[in-house]
Amino acid sequence: MTTEMTAPDKRPADAPETARGGRIYRPLADIVERDGTVTLLLEMPGVAAPDVEIALENRVLTISGHAGTARPGRLQLVHAEYGEGDYERAFTLSEDIDPDRIAAEMKDGLLRVTLPRAEAAQPKKIAVRSA
Amino acid sequence: MLYPSTFAADPFALMRQMGRDLDSALGPRLGAGTAAFPAINVWQNDEAVAITAELPGIAPSDIDITIKDNVLTLSGERRAPDLGDTAIWHRRDRAYGRFSRAIRLPFPARDDQVEARFINGVLRVVVARPEEDKPRRIEIKAA
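Peer 1: Quick question: what am I supposed to make of the overall build of chain A here?
Peer 2: A count of helices and strands for chain A gives zero helices and ten strands. For chain A, the N- to C-terminal ordering of α and β elements is β-β-β-β-β-β-β-β-β-β. Residue burial in chain A is summarised as follows: out of 131 residues, 40% are buried. Relative to all contacts within chain A whose residues are 6 or more apart in sequence, the contacts with residues 24 or more apart total 51%. Of the roughly 8200 Å² of accessible surface on chain A, 49% is carried by carbon and sulfur atoms.

Written out as structure tokens, the structure is:
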């Protein structure tokens, strides 16, 4: 067993074409919850912060990003292991996410979306009385 | 799975296609999932070679690029987010840990001819070809 990491490739989404002509990839995502806040971590290399769009409609959070090309000028592609293209992925949120407090931050191609659970939805403990 | 019988140009195309289908059927344990990280694209012309790699979520200070003769080594570490023991992981697509890849260049390069940039999680390393190694065009003189 080696300690070196291997990673699943980003995969093209089911609808692989855009009007711009590029492919759409499904960004790899981590979802982790801590202290009543759900954090999404999405890998969107090549996407600058202004090119990310996050929309919430009927509990469905849609995240899309338009990637710029990393093509170095005047050079020919001789070996390709990954494709470039836009990103899109949708998540269905549970009812108790507070839509007004959703925040997002883009850094080094990694989008971090924080989804706090609503205060009113924090679990309440119900005491059981013995009859 | 249906295989068309029109592989006139390449008799091995069917075999390769079946191999790919088998890889994807076996899932990430065997096929694409064990691919080396990071995936790279290589760009080239007579004067330079460029290598691009997607390294999202890795700080530039955690990426090491070393070059010796004609081997460029890209290594580093992606640290897992420090969330403590109370965090509950609902989904984990991304991989964390150390990575290293050695890439053979078509010419020996020197340190001062390498330029690396890291923009929005995409690393781009451009290695210029030394002057003495460049192909020279020989003029043919008319008699």
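Next comes the rest of the write-up.
Peer 1: Any chance you could explain the interface of chain B and chain A here in plain terms?
Peer 2: Buried accessible area, meaning the area lost when the parts come together, often serves as the stated size of an interface. Across the boundary between the two partners, chain B contributes 49 residues, which contact 43 residues of chain A. A buried area of about 4100 Å², summed over both sides, lies between chain B and chain A, and 56% of it is on carbon and sulfur atoms. Where chain B packs against chain A, one counts five salt bridges. Residues B:R94 and A:E43 are paired through a salt bridge, measuring 2.9 Å at the closest nitrogen-oxygen approach. Taken together, the connections running from chain B to chain A amount to 22 residue pairs in polar contact (both at pLDDT 80 or more). When residues of the side of chain B that touches chain A are traced back to their parent elements, those giving at least two are β1 (40-44), β2 (48-54), β5 (88-92), β6 (97-104) and β8 (122-128) of chain B. Here strand β7 (residues 76-80) of chain A runs beside β1(B); their pairing, made up of four bridges, is antiparallel. Looking at β1(B), one finds that A:L77 is bridged to B:W43.

Peer 1: Just to check I follow, could you spell out the environment of B:V42 for this structure?
Peer 2: Of note, B:V42 is situated in strand β1. When the C-alpha atoms of B:V42 and B:R78 are compared, they prove to be 22 Å apart, with 36 residues separating the residues in sequence. Excluding anything up to four places from it in sequence, B:V42 contacts A:Q76, A:L77, A:V78, A:H79, B:V49, B:A50 and B:I51.

Peer 1: Quick question: what am I supposed to make of empty space enclosed by the protein here?
Peer 2: To find leftover empty space, one rolls a probe the size of a water molecule over the atoms. With the rule as written, the count across this model stands at one cavity of 30 Å³ or more. Quantified by volume, the largest cavity comes out at close to 50 Å³. Along its surface, the largest cavity is lined by A:K10, A:P45, A:G46, A:A67, A:G68, A:A70, A:Y82, A:E84, A:G85, A:Y87, B:E54 and B:V122. Grouping the amino acids of the lining of the largest cavity by side-chain chemistry returns six nonpolar, three polar and three charged.

Rules used in this analysis
- Residues numbered from 1 in each chain as written.
- Chains lettered and ligands numbered in written order.
- Predicted model: local features only at pLDDT ≥ 70, side-chain atom pairs only at ≥ 80, totals over all residues.
- Heavy atoms only, no water.
- Helix = DSSP H or I, 4+ residues; strand = E, 2+ residues; numbered from the N terminus.
- Buried < 20%, exposed > 50% of the residue type's maximum accessible area, 1.4 Å probe, protein only.
- Contact = heavy atoms within 4.5 Å.
- Areas by Shrake-Rupley, 256 points an atom, 1.4 Å probe, with all protein chains shown as cover.
- Buried area = accessible area lost by both parts, 1.4 Å probe.
- Salt bridge = Lys/Arg side-chain N within 4 Å of Asp/Glu carboxyl O.
- Polar contact = N/O pair within 3.5 Å; in protein donor to acceptor, adjacent residues only side chain to side chain.
- Pairing = 2+ DSSP bridges.
- 1 Å grid on protein atoms, 1.4 Å probe; cavity = no way out; pocket = protein on both sides within 12 Å on 5 of 7 lines; lining within 4 Å.
- Points joined across faces, edges and corners; volume = space filled by probe spheres on them.
- Nonpolar A, V, L, I, M, F, W, Y, C, P; charged D, E, K, R; others polar.

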